[in-house]
Amino acid sequence: MDGHSEAVVDLGAIRSNVTAMAQHVGNAQVMAVVKSDGYGHGLLETAAAALAGGAAWLGVGHVAEALALRAAGVTAPVLCLLAAPDAPHNDAITLGVDLSAGDASLMRQIAAAAEAVGRPARLHLKADTGMSRGGAPMARWPELVDAALAEQATGRCQIVGIWSHLACADIPGHPSVDAQLAAFRDALDLAGRAGARPAVRHLANTPALLTRPDTWFDLVRPGGGVTGLCTLPGGAPGWLRPAMTVRTHLVQVKRVAPGTGVSYGHRYVTGAETTLGLVPLGYHEGIPRAATNVAPVLVRGRRLTIAGTVCMNQCVVDAADLPIEAGDEVVLFGPGDNGEPTAQEWADLLGTLSYDIVTRFTAKIPRSYCGVTEAQVLAVRTAPASARGASDHTEVAHAGGQEV
Ligand SMILES: *Cc1c(COP(=O)(O)O)cnc(C)c1O
């Protein structure tokens, strides 16, 4: 009657995905974007596996995530993608964390923080080339560049990068990609003429990495690709491997008569005499309520569909005449090797992204790790933080006490 549920993350897949993407982009470096707890795969573990796979940089959302990486001994360059006036700039600068600035006033705040801590801030100036989210719109770009160059001249900051983000890279052929690329080139030209010499120019997310070599520049920023996922139609190519498997076990099995209503609202009614299995996961744990009567799971090698309304902590599957028992493993999604659904299939059926599927689960069910050897795990656990350098391949499983 084992109802144990878990999200199993294959760190070997993460490592090899990054290696494959690094090979794909040739001379460009890879920044593994590990925001949102590594897309739900675990910040430190995902970051360590990505570095072991050849990522030269890490990208995070907030300063707190960057500080967690530094505290774990990660020495690789880390960029905070999200900029906010009230972020702890001092801490970031002290620990050599790169910050983004998309307007001159924020940039000056960061420079003032750099003055306070006595160390230059490492800045990536962000151009809004057409996403209309963060960054300086083209009309304000010259002002941002000039202000940053003025601060650089005082020694308070260093312009390390110039960057932007694509709005429609996962819509093949969308004209905005060309328009944003042209605007980015203009922004780079203008900054160059003004005297900026950024070490890295970066624009590409996973879909751009996969489809648009002209967006690669010096550095690419895949996030989904690190975990084997992509928002392009059809998902990621076969050479990227989905790293997360979510599985649980049936907690009850029963035989019911034809015409039996199942779960809240009786949105499912059995057609014939059949066997129902009770799955101990619901929308609280991450199964979208829209998976009602829609999402497939794998039990005993057979695809079953969630029967009736997804409840808060449970749902039901109709196994027909498949001989199932309480305790049987239920795989919600995984890499697909053994016939189990993938997160991409769930996403396609539910009208959302694979990212939205995988990030739902791991806050509420335990996460475990596989895909690295016991020796690698031990080496990481016993190494002092100072020995866990960015290029140290034993860093693959900085598991922090997690089961591996
Ligand atoms: C999330 C994010 C990425 C990674 O996007 P993917 O599509 O997951 O590769 C890259 N750059 C920025 C600015 C992001 O916010």
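Residues numbered from 1 in each chain as written. Predicted model: local features only at pLDDT ≥ 70, side-chain atom pairs only at ≥ 80, totals over all residues. Heavy atoms only, no water.

What follows concerns the site of the ligand. Around the ligand, a shell composed of 14 residues is seen, among which Lys35, Tyr39, Thr206, Gly223 and Gly224 lie nearest. The side chain of Tyr39 places a nitrogen or oxygen atom 2.6 Å from an oxygen atom of the ligand. One nitrogen or oxygen atom from the main chain of Gly223 is found 2.8 Å from an oxygen atom belonging to the ligand. For the ligand, the protein covers 92% of the area, taking 390 Å² as the surface of the free molecule. When atoms are counted within 2 Å of each cavity's grid points, the one that captures over half of the ligand is the largest pocket. Of all the secondary-structure elements, those providing two or more residues to the shell around the ligand are helix 2 (35-39) and helix 9 (206-211). Across the shell around the ligand, the residue classes break down as six nonpolar, five polar and three charged. (Near = heavy atom within 4 Å. Polar contact = N/O pair within 3.5 Å; in protein donor to acceptor, adjacent residues only side chain to side chain. Areas by Shrake-Rupley, 256 points an atom, 1.4 Å probe, with all protein chains shown as cover. 1 Å grid on protein atoms, 1.4 Å probe; cavity = no way out; pocket = protein on both sides within 12 Å on 5 of 7 lines; lining within 4 Å. Sits in = over half its atoms within 2 Å of the grid points. Helix = DSSP H or I, 4+ residues; strand = E, 2+ residues; numbered from the N terminus. Nonpolar A, V, L, I, M, F, W, Y, C, P; charged D, E, K, R; others polar.)

Next up on the list: the pattern of salt bridges. Across all of its chains, the model carries 18 salt bridges by this definition. Here Arg255 ties to Glu273 by a salt bridge, and the two come within 2.9 Å at their closest N and O atoms. Highlighted residues: Arg255 in strand 12 (residues 252-256) and Glu273 in the loop between strand 14 (268-269) and strand 15 (274-279), separated in sequence by 18 residues. Relative accessible area serves as the criterion here: at 43%, Arg255 is assigned to the partly exposed category. (Salt bridge = Lys/Arg side-chain N within 4 Å of Asp/Glu carboxyl O. Buried < 20%, exposed > 50% of the residue type's maximum accessible area, 1.4 Å probe, protein only.)

Along the chain, Thr362 turns up in the loop between helix 11 (354-361) and strand 20 (367-370). Polar contacts involving the side chain of Thr362 include one to the side chain of Arg367, which spans 3.4 Å. The contact partners of Thr362, leaving out residues within four places of it in the chain, are Ala7, Gly40, Met244 and Arg367. (Contact = heavy atoms within 4.5 Å.)

Time to look at the domain arrangement of the protein. Interface size is often expressed as the accessible area that is lost when the parts come together. If you check the domain split of the protein, you get domain 1 (11-228) and domain 2 (244-370). Between the C-alpha centres of domain 1 and domain 2 there is a distance of 38 Å. At the junction of the two partners, domain 1 supplies 10 residues and domain 2 supplies eight residues. Roughly 780 Å² is buried in total at the junction of domain 1 and domain 2, and carbon and sulfur atoms are behind 55% of that figure. Our count for the contact surface shared by domain 1 and domain 2 stands at one salt bridge. Between Arg367 and Asp37 there is a salt bridge, with its nearest N and O atoms 2.9 Å apart. Run the count over domain 1 and domain 2 and you get six residue pairs in polar contact (both at pLDDT 80 or more). (Domains from an automatic or database assignment. Buried area = accessible area lost by both parts, 1.4 Å probe.)

There is about 690 Å³ of room inside the largest pocket. Forming the boundary of the largest pocket are 39 residues, of which Lys35, Leu81, Met131, Arg133 and His165 lie nearest the centre. A breakdown of the residues in the lining of the largest pocket according to their chemical character gives 17 nonpolar, 15 polar and seven charged. In this structure, the second largest pocket encloses a volume near 260 Å³. Together, 17 residues line the second largest pocket, and Thr245, Arg247, Pro335, Asn338 and Glu340 are the ones closest to its centre. Looking at side-chain class alone, the lining of the second largest pocket contains eight nonpolar, three polar and six charged residues. (Points joined across faces, edges and corners; volume = space filled by probe spheres on them.)

This part takes up helix 7 (residues 141-154). In a regular helix each residue adds 1.5 Å, so 14 residues correspond to 20 Å; helix 7 covers 20 Å between its end C-alpha atoms and thus fits that length. For helix 7, the set of buried residues is Trp141, Leu144, Val145, Ala147, Ala148, Leu149 and Glu151. Summarising the contacts, the buried residues of helix 7 are in contact with strand 5 (98-101), helix 6 (104-117), strand 6 (121-128), strand 7 (136-137), strand 8 (157-163) and helix 8 (175-194). Where helix 7 ends, the next residue or the one after it, Gly155, has phi of about 85 degrees, a positive value. (Expected span 1.5 Å × (residues − 1).)

Turning next to the side chain of Asp10. When you line up the elements, Asp10 lands in strand 1 (residues 6-10). Since its relative accessible area comes to 16%, Asp10 is described here as buried.

We now examine the sheet that holds strand 11 (residues 244-249). Spatial strand order, 17-16-19-11-1-20: six strands in an open sheet with mixed pairing. Both outer strands of the open sheet, strand 17 (302-305) and strand 20, are each paired with one neighbouring strand and no more. On average, each strand axis in the sheet is tilted by 35 degrees relative to the strand beside it, whichever way the strands run. The pairing of strand 1 with strand 20 spans four bridges and is classified as parallel. Its bridge partner being in strand 20, Val8 is matched across the sheet by Ser368. Sheet strands touched by helix 11: strand 11 and strand 19 (329-333). Its angle to strand 19, the strand with the most contacts, is close to 135 degrees. (Pairing = 2+ DSSP bridges. Axes fitted to C-alpha atoms, helices over the stretch in contact; angles between N-to-C directions.)

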